[in-house]
Amino acid sequence: MSQLPPKPESATAVQRRVRRRRGARVSEGLDAIAAEVPIALVYNGISFAVMMATPEDLSDFALGFSLSEGIVASADELRIDEIAASLEGISLQLTIPEPRAAALEQRRRNLQGRSGCGVCGTESIEAVLRPPPRVGGSAPIRVDALHRALRELQGRQPLNALTGATHAAAWADGDGRVALVREDVGRHNALDKLIGALVATGHDPLQGFAVVTSRASYEMAMKAAQAGIPLLAAISAPTALAIALAESAGLTLIGFARDDGHAVYTHAQRLIEGEAQPSQAARPHARKAMESKS
């Protein structure tokens, strides 16, 4: 994937006046609000998707979306020509090989994506329910590594700490050390940004796992499997279709991943339950469990 010169940055948070009531006290002031703007993904001059998203980490978004949607198979098949901001939104001008563009035309979307829906506007059931490649073999993850990643993620969401309105997707290594975090108003977008960052920085998907601050929908499981991520842990519930896809794709799917526990729905052999080995340092007691986000 080719690199661009620094792009014009849009604010990820804006200030708006608000009247608050706390008990009997009413006050007025300014509040930090997460930005949400239309992001158009334009391939070879043809608009394929318009997603409502947070206007940051857009190179990661372009790459991650292109990979997780199966538009390209590798980063070197995508060139980012321009990231252009206007009053209406932001346009990502992308170039892909002609055979990829021809295949994309067969499953074109007439869509206006939404932050809560990663498949809005898809024209056929087959396009939505495409089978992802099966996830490769990977080393097992200890349960203490999963919960270490959950704790670290709590302190790695600056935009959500400021606005309370964004999801996050994190990548952790096999020991649970969080290496990458991406935030967005849309849970699918956050995961796409993480996938893009994962590939751009040269991380091997099989050498760690992903944690997301949302429910585990079919689309989230699809994106993780498409990217070759072996384990996806969500702090909220999975859907039945996500479980079915994860089972068939070899993806370990975990829901209700909190400080005090978790639920493993598929391929439980990849998560080692039980106490940490004596050689591992004791972990500090976790803070209050993360609030579930839909």
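These notes cover the structure that comes with them. Only a predicted model underlies this, so the values are computations on that prediction, with no experimental measurement involved.

About the criteria used
- Residues numbered from 1 in each chain as written.
- Predicted model: local features only at pLDDT ≥ 70, side-chain atom pairs only at ≥ 80, totals over all residues.
- Heavy atoms only, no water.
- Helix = DSSP H or I, 4+ residues; strand = E, 2+ residues; numbered from the N terminus.
- Polar contact = N/O pair within 3.5 Å; in protein donor to acceptor, adjacent residues only side chain to side chain.
- Contact = heavy atoms within 4.5 Å.
- Pairing = 2+ DSSP bridges.
- Buried < 20%, exposed > 50% of the residue type's maximum accessible area, 1.4 Å probe, protein only.
- Axes fitted to C-alpha atoms, helices over the stretch in contact; angles between N-to-C directions.
- Phe/Tyr/Trp six-rings, centres within 6.5 Å; stacked < 30°, edge-to-face > 60°.

**Focus on the side chain of H267**
Within the secondary structure, H267 is located in the loop between β13 (261–264) and β14 (271–272). A distance of 2.9 Å separates a polar atom in the side chain of H267 from the backbone oxygen of E247. Here H267 is in contact with R134, A246, E247, G250, L251 and T252, once residues within four sequence places are set aside.

**Some remarks on the pairing of strand β2 (residues 25–34)**
Relative to β2, strand β1 (residues 13–22) is paired through 10 bridges, and the arrangement is antiparallel. Following the sheet pairing, R17 is matched in β2 by L30. Between β1 and β2, which pair antiparallel and follow one another directly, the connecting turn spans 2 residues, one of which, G23, has a positive phi of 65°.

**Quick look at the side chain of S217**
Among the secondary structure elements, S217 is positioned in the loop between β10 (208–212) and α7 (218–226). For S217, a relative accessible area of 8% corresponds to the buried category. In contact with S217, other than residues within four places in its own chain, are R187, H188, T239 and A242.

**Notes on the sheet that holds β13**
Pairing is mixed in the open sheet, where 6 strands are placed in the order β9-β8-β10-β11-β12-β13. Two strands in the sheet have a free side with no partner beyond their single neighbour: β9 (178–184) and β13. Sheet twist, expressed as the mean angle between neighbouring strand axes with direction ignored, is 20°. In this sheet, β9 lies alongside strand β8 (residues 167–173) in antiparallel orientation, the contact comprising 6 bridges. When the bridges of β9 are listed, A172 appears paired with V178. The strands touched by helix α4 (residues 143–154) are β8, β9, β10, β11 (231–234), β12 (252–258) and β13; relative to β10, the strand with the most contacts, the crossing angle is about 45°.

**Considerations on the packing of aromatic side chains**
Evaluated as defined, the whole model comprises 3 aromatic pairs. Counting every residue linked through ring pairs, the aromatic cluster contains Y43, F48, F61 and F65.

**Looking at the sheet that holds strand β5 (residues 79–85)**
Paired through their backbone hydrogen bonds, the strands of a sheet run either parallel or antiparallel. One open sheet accounts for 4 strands, arranged β4-β3-β6-β5; its pairing is mixed. At either margin of the open sheet sits one strand with a lone partner, and together these are β4 (46–53) and β5. Looking at each pair of strands side by side, their axes are set apart by 20° on average, direction ignored. Taken together, the 5 bridges between strand β3 (residues 37–43) and strand β6 (residues 90–95) define a ladder with parallel strand orientation. When the bridges of β6 are listed, A40 appears paired with S91. Along the sheet, helix α1 (residues 58–68) makes contact with β3, β4, β5 and β6, crossing β3 at roughly 55°.

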